[in-house]
Amino acid sequence: MTDSPDSSRARRSDATRTAILDAARERFASDGYDRATIRAIARDAGIDPSMVMRYYGNKEGLFAAAVAVDLRLPDLAGVAGAEVGRAAADHFLDVWEGNEVLTALLRVGVAHQAGTERLHGVFREQLLPFARRFCPDPEQAPARAALVASQLLGLALTRYVLRLPPAAGLSREEIVAWLSPTLQRYLTEPGP
């Protein structure tokens, strides 16, 4: 049985989109939003720049597609209340280690409106509902989620983007040991 011309075109289209998104993630992560160009991304993907524009319209459309982020935050229903901070720290490291999408988003988020908006969306749609599950006072959930974000993004910035030697040199176990009590406090302890 042979493929129809339409199914063959669809596979080529999917392969082209995948190549573009992979190249864009790498380029945004290494160069940041402003220095990443459609031409460089197209060259990295082995295609003509017009194909990038055809599929994604412009650089912002490409960025939005390339940095679709799902933190895959765990349910933690079976985790003892006193272990929520440790489980969250472990999960954070699992998600960040070697994830060029998150690195690109963080780089761009601090310098460009498209990245800032994407980070706000991740906070609103993923981190805030996660914090609400554990927060003893529902009115404090937004502030607590923001405090969790400050710890996670601060560590990510120093470890994965800036690669400050002391932060990059910490072992996973050391990071979890330092980070867990802080996340635990922010998520579950009574407010000050």
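Given the structure is predicted, the values throughout are model-derived calculations rather than measurements. (Residues numbered from 1 in each chain as written. Predicted model: local features only at pLDDT ≥ 70, side-chain atom pairs only at ≥ 80, totals over all residues. Heavy atoms only, no water.)

(A) Focus on the environment of A149. For A149, the position within the fold is in helix α8 (residues 141–161). A relative accessible area of 12% means that A149 is categorised as buried. Spatially, the C-alpha atom of A149 lies 9.5 Å from that of L183, the residues being 34 residues apart in sequence. Once you skip the residues sitting within four places of it in the chain, A149 turns out to touch F123, L127 and G154. (Helix = DSSP H or I, 4+ residues; strand = E, 2+ residues; numbered from the N terminus. Buried < 20%, exposed > 50% of the residue type's maximum accessible area, 1.4 Å probe, protein only. Contact = heavy atoms within 4.5 Å.)

(B) Structural view of the layout of surface pockets. Reported here for the largest pocket is a volume of approximately 410 Å³. Lining the largest pocket we find 24 residues, and of these L71, V122, L127, L152 and L153 sit closest to its centre. A total of seven residues in the lining of the largest pocket trace back to one element, the largest contributor, which is helix α7 (residues 113–132). Here the residues of the lining of the largest pocket sort into 20 nonpolar, four polar and no charged. (1 Å grid on protein atoms, 1.4 Å probe; cavity = no way out; pocket = protein on both sides within 12 Å on 5 of 7 lines; lining within 4 Å. Points joined across faces, edges and corners; volume = space filled by probe spheres on them. Nonpolar A, V, L, I, M, F, W, Y, C, P; charged D, E, K, R; others polar.)

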